[in-house]
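Commentary on secondary and tertiary structure
These are the residues of each chain, in order.
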Amino acid sequence: MREIAAMALKDLRILLRDRSGFFFTLVWPLLIAVFFGVMFGGNRASEQASAIDIAVVDEDKTAGSQEFIEALDSGNEFSISVLDREQAFDAVKRRDAVAYVVLKPGFGEASRRVFWGEPPQVELGIDPARGAAAAMVEGILMKYASERMGQAISDQNAQRENIRSAREILAEDEDVTPEVRANLGRLFADLDRFMAEEAAYTDSADTIQSGMSGLEPIRVERTDVAGAVYRGPRSAYAITFPQGVIWGLIGTAAGFAVSIVVERTRGTLFRLQTAPISRTSVLGGKALACFISIILMSIFLYVLAFFIFGLRPVSFPLLALAVVSSAVGFVGVMMLLAVSGKTEQAVGGIGWAVLIVMSMLGGGMIPLFFMPSWMRTIGTFSPVKWSVLAMEGAVWRGFSFVEMLKPCGILVGVGVICFALGVRVFDWTTRAD
Amino acid sequence: MLILKNLRKTFGEICAVDDLSLEIKRGEVFGLLGPNGAGKTTTVNMAVGLLKPDQGTVEIEGLGSPTRPHVRARIGIAPQALAIYEDLTGEENLKFFGTIQGLRGRHLSERVKWALDFVDIFERRGDRVKTYSGGMKRRLNLAVALIHDPPILLLDEPTVGVDPQSRNSIFEKIEVMRREGRTIVYTTHYMEEAQRLCDRVGIMDRGRLLAMDRVRSLIAAHGGRSTVIASKDDGEVKIETDDPLGVLLNLRKSGGMTDFRVDSPNLEGVFLNLTGRHLRDE
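Residues numbered from 1 in each chain as written. Chains lettered and ligands numbered in written order. Predicted model: local features only at pLDDT ≥ 70, side-chain atom pairs only at ≥ 80, totals over all residues.

As for the overall build of chain A
Looking only at helices and strands, chain A has 18 helices and five strands in total. Expressed as a percentage of its 433 residues, the buried residues of chain A come to 42%. Considering only contacts within chain A whose residues lie at least 6 apart along the sequence, 80% involve residues at least 24 apart. (Helix = DSSP H or I, 4+ residues; strand = E, 2+ residues; numbered from the N terminus. Buried ≥ 20, exposed ≤ 12 C-beta atoms within 10 Å, placed from the backbone. Contact = placed C-beta atoms within 7 Å.)

Re the overall build of chain B
Within chain B one finds ten helices and twelve strands. A fraction of 67% describes how many contacts in chain B between residues 6 or more apart in sequence connect residues 24 or more apart.

Considerations on the interface of chain A and chain B
Facing the 20 residues of chain A at the interface are 23 residues of chain B. Secondary structure elements with two or more residues in the side of chain A that touches chain B: α1 (2–17) and α12 (268–273) of chain A. Residue contributions to the side of chain A that touches chain B peak at seven residues, all from α1(A). Across the side of chain A that touches chain B, the residue classes break down as seven nonpolar, four polar and nine charged. (Nonpolar A, V, L, I, M, F, W, Y, C, P; charged D, E, K, R; others polar.)

Points about the confidence of the model for chain A
Residues and elements named next belong to chain A. Residue-level pLDDT values for chain A average 80, and 86% of them are 70 or greater. Across chain A, helix α14 (residues 316–338) holds the top mean pLDDT of 92, while helix α10 (residues 205–210) sits lowest at 44. Long-range and interchain partners of residues 45–49, a stretch whose pLDDT sits below 50, account for six contacts in this model, where long-range means more than four residues apart. The low-confidence segment residues 202–214 (pLDDT under 50) makes ten contacts with residues lying over four places distant or belonging to another chain. (pLDDT = per-residue confidence, 0-100.)

A few points about the nonpolar core
All names here are of chain A. Among the nonpolar cores identified, the biggest contains 153 residues, and Ala253 and Met334 are the most heavily contacted of them. Ranked by residues supplied to this core, first place goes to helix α11 (residues 237–266) with 16 residues. Ala253 has contacts with Cys290, Phe330, Val333, Met334, Leu337 and Leu355, leaving out every residue within four places of it along the chain. Core analysis: the next-biggest nonpolar cluster, separate from the first, contains 30 residues, Ile54, Ile126, Ala134 and Val225 among them. (Core = buried A, V, L, I, M, F, W, Y, C linked by C-beta atoms within 7 Å.)

Considerations on the sheet that holds strand β3 (residues 99–103) of chain A
Residues and elements named next belong to chain A. What the five strands build is an open sheet, ordered β2-β1-β3-β4-β5; its pairing is mixed. Strands at the two margins of the open sheet, each flanked by one partner only, are β2 (78–82) and β5 (219–224). With strand direction ignored, the average angle separating the axes of adjacent strands in the sheet is 25°. Of the strands in this sheet, β1 (52–58), β2 and β3 are in contact with helix α4 (residues 63–74), which crosses β2 at around 140°. Of the strands in this sheet, β1, β2, β3 and β4 (121–126) touch helix α5 (residues 85–93), which is tilted by about 160° from β3. (Pairing = 2+ DSSP bridges. Axes fitted to C-alpha atoms, helices over the stretch in contact; angles between N-to-C directions.)

Things to note about α11(A)
Quick reminder: α-helices carry 3.6 residues per turn. Residues three or four places apart thus point the same way. Residue and element names in this part refer to chain A. With 30 residues, α11 extends 41 Å between its outermost C-alpha atoms, agreeing within 8% with the 44 Å of an ideal straight helix rising 1.5 Å per residue. Taken across its 30 residues, α11 has 27 buried, putting it largely inside the fold. Just downstream of α11 lies Gly267, where phi reads positive at about 95°. (Expected span 1.5 Å × (residues − 1).)

Points about unusual backbone geometry
All names here are of chain B. Despite not being glycine, Asp19 has its phi angle at roughly 55°, a positive value. Inspection of the secondary structure assignment puts Asp19 in strand β2 (residues 14–24). Backbone geometry at Asp149 places phi at a positive 55°, although glycine is not the residue there. Residue position: Asp149 is located in the loop between α5 (134–146) and β6 (152–156).

Concerning the pairing of strand β7 (residues 183–188) of chain B
Residue and element names in this part refer to chain B. By the criterion of burial, β7 is predominantly enclosed, with six of the six residues buried. Of the two faces of β7, the one holding Thr183, Val185 and Thr187 and the one holding Ile184, Tyr186 and Thr188 are both buried throughout. With five bridges joining them, β6 and β7 adopt parallel strand pairing. Looking at the pairing, Ile152 lines up with Thr183 of β7.

With respect to the pairing of strand β9 (residues 208–214) of chain B
All names here are of chain B. Two strands pair when backbone bridges link them, and strand β8 (residues 200–205) and β9 are joined in this way by six bridges, in the antiparallel orientation. Pairing of Val201 across the sheet is with Asp213, part of β9. Hairpin connection of β8 to β9: two residues between the antiparallel strands, including Arg206 at a positive phi of 50°.

A short note on the sheet that holds β9(B)
All names here are of chain B. One open sheet holds the six strands; their spatial order is β5-β6-β7-β3-β8-β9, and the pairing between them is mixed. The open sheet has two edge strands, β5 (75–78) and β9, and neither has a second partner. On average, adjacent strands in this sheet sit at an angle of 15° to one another, irrespective of strand direction. Across four bridges, the pairing between β5 and β6 is parallel. Following the sheet pairing, Gly76 is matched in β6 by Leu153. Across the sheet, helix α10 (residues 267–275) touches β3 (29–33), β8 and β9, and the angle it forms with β8 is around 40°.

Structure (structure tokens):
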């Protein structure tokens, strides 16, 4: 083990002193991540989203509730999906929607009343961790409810009808004391007279609206949707940093593949093979160095992303799992590439060509969700795709541990198979020299 | 002690080494001489366990085959290619290869210091190898072979591409190692090096060991006769003889000799006589 560690330390030292290797392992991936992140809007990407996704459940199913939904939909604050209660809950749980809004039975009737009775009631379902978003949604709902109340009040004929209806209910209500009945009777009479006079003026709505500020346009009851999982990138960096790490993987794998050939062509491999250590130790040291380089490169990029670019992965443990699996996968790919030729030029050329194609098909250049489906299908054969998926799963897709098992398992499998094949070919070719 | 018995190795239809047997004694400097393609490198690779012979055996100091790691640890190798890391310093190279050879802690530090001193690069130990001269790199290549204090050394063309001063320095180091009692196998194209350094020489061509003996014995057996070349008033005369002194005395007596030269037989002549070709024609 000490020999493997010495081999790895030596390779890491050489990597740090090799300017081009250092550039392609650390600097280039960072440039990719930052450049494309800035180009696609950086952290403003989510802020610029034109509308907040909300699910609306219409349990009232009246013209009033329908009008309210149409009003919400016509504005640019919300993107509305009308669902049933269960679907709406799931949508918030999966974070396909920021919140759900249930228009409760009686919503339409209550919207028409202004001066008596319970206000229109809605249920707002949202993740309790998203307090700011809840306040924003509630405020927007209040705005639309207030507008509707204002419209109702500004319709004098409708309000006079309302007052007449209220006076009839008052007259029939035996529980009301004579004093209250007399007071309310005077109020309704005065209001009726006031409405009749105001109808003569065309610009009276503002005056009346301003007098309604103490009324409750809507009553919001919050419901917690705990454990919601966000399934969309919060910023462009959530996409570009995993891609940057992919470029780092590619650069590191290509660099180490060439370094094995360099050991071979410059004679150091001969010296190592004639030392009292096994071939496994020689290649194991190389693999360990490549693995450590990938891990360090990934940590470097994600730490920068966290502290400077505000990237907040959904799950750090799952991100660690994704990085480790990707490292295992690409160490294997590196080993297989290392035996693809006998000269530095051959391995460098073949290595980069293979890795670039893998990257193109696997979402290392263009995000997977931008790709046509046929390309995504072909990309299944590229370890880059599984690496991107694993990292995005941990960074913004909100994969569960079980969902992570598929991409991570494939990466580890690819790594083990490629490494075993590479070692086999390496063994065969070096013995035949 | 290094014993190679009936070694044979083929690559496809090419027979690189054919029924080669030799025994190198402890403390001996043995020269393996031959042109490119003679089979020297294949022989060395089998001797260190890197290549498995199709036939025959290799035995190191009575411990068995060098395919076993602890047996390989008895050998130090300075390959013809500079098998050192140019982006590491001289000291880092020695520490790394020392660790790979199983050295640890203070013993490793002491050996590194000794090796740096031995090849005269202690002052430059902290500089990257890429800044060293060709001669310094060659000496470091030798130092790496010695880092674990092996009793057997395989030196493959250790003076290729170095200036005369560094070459002399390497010769001096080899002389010191000989006095220390190390067994040295020395492959080279340069016959004068073999003549100067080696106790015995084996001459290889096309995978076969053509002759093996002490240098003088080989020359005596296969080098042919000395040639006396004299310039006289009436022209130049060339006389092959086993007694050049006698010939020179006779020429002097006959008078008119203005100049003379004696070409003694050497290993080049041995190779020419054995193969019909010059060693460096290849």
